[in-house]
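# Analysis of the macromolecular model
The chain contents come next:
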Amino acid sequence: MEAPVRKIRYIHKAIRKELDRLEQEALALNPNDREALDRLAERHAFLQMVVRAHSDGEDEVMFPELETKVPNVTEPYVLDHRAKDEAFETVGRLIGELREASSEQRRSELLWGIQRGFIALNTDLVNHFRKEELHLVPLVEQNFGFEEQGETVRRSLEHYPREQMPRIFGWMINALDPDERADQLQTVMRTLPPQALAPAFEEARKLIGPDAWRELQRRIPDLAA
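Scope of this entry: the structure provided in the associated data block. (Residues numbered from 1 in each chain as written. Predicted model: local features only at pLDDT ≥ 70, side-chain atom pairs only at ≥ 80, totals over all residues. Heavy atoms only, no water.)

## Quick notes on the environment of proline 194
- If you trace the backbone, proline 194 turns up in helix α8 (residues 194–208).
- The exposed category is assigned to proline 194, whose relative accessible area is 64%.
- Each C-alpha atom, one on proline 194 and one on valine 50, is 23 Å from the other, the two residues being 144 residues apart in sequence. (Helix = DSSP H or I, 4+ residues; strand = E, 2+ residues; numbered from the N terminus. Buried < 20%, exposed > 50% of the residue type's maximum accessible area, 1.4 Å probe, protein only.)

Dropping the structure here:
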């Protein structure tokens, strides 16, 4: 059975895919298209919330526990998280200013800043996630048993807003391929009660569509039940 901490790659993948989309939408954005700008602002805010919750879970749960076994390895990752928070805040501020800008020149300047911001965020987070998966995840796997890892992951998830969990879960499942979806669903079904999973599974079903959901039910008989 795969180590629980390795499941972190699924949320990493969903974040990377969303940043790819946001970067492309920013590069194609007409600064005078208010509806498109509003959609970009909402998706930026959602992703900022997801990334911050993910980072907070690592900073407050996973990293302190790892430091007890392997000291002096996590500080660079904490600094990465702080830089990422500032970058998200900057992009959000520029989007807000673009919504209020009146001159064409100012809108062009702000749009250029937003585009640069998304490109930088995408590059920095891809590199950060790669370092975590190649460096930190093996350290956790080597120093903590399966049950300890599972408990660490569970406690880290408590940093996500509970009311947003169905949306976050559905959004993540939608970013995965069929094998990854089946693996992640089986993982959460082993650790959480059905009543806690129902809203998240319903959101996932709506996002991936009925055909993909039926394929998951075929793979996971307990899901159909």
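## Describing α8
- With 15 residues, α8 extends 20 Å from end C-alpha to end C-alpha; this agrees with the ideal 21 Å at 1.5 Å per step.
- Considering bend angle alone, the principal kink of α8 is centred on alanine 200 and spans about 25°.
- Within α8 the residues assigned to the buried category are Leu197, Ala200, Phe201, Ala204 and Ile208.
- Along its buried surface, α8 packs onto α6 (165–175), α7 (178–191), α9 (210–219) and α10 (221–224).
- Positive phi appears at glycine 209, one or two residues downstream of α8, with a value of about 95°. (Expected span 1.5 Å × (residues − 1). Bend = angle between axes of the 7 residues up to and from the residue. Contact = heavy atoms within 4.5 Å.)

## Points about the pattern of salt bridges
- Here the structure, examined in full by the defined rule, presents 27 salt bridges.
- The salt bridge involving glutamate 2 is made with arginine 9; its shortest N-O contact spans 3.0 Å.
- For glutamate 97, the salt bridge goes to arginine 93, with nearest N and O atoms at 3.0 Å. Remark: arginine 93 and glutamate 97 occur in helix α3 (residues 75–100); sequence separation between them is four residues, near one turn of the helix.
- Of the residues examined, arginine 93 reaches a relative accessible area of 45% and is grouped as partly exposed.
- A cluster of three or more residues bridged by salt bridges with shared partners is formed by Glu2, Lys7, Arg9 and Asp183. (Salt bridge = Lys/Arg side-chain N within 4 Å of Asp/Glu carboxyl O.)

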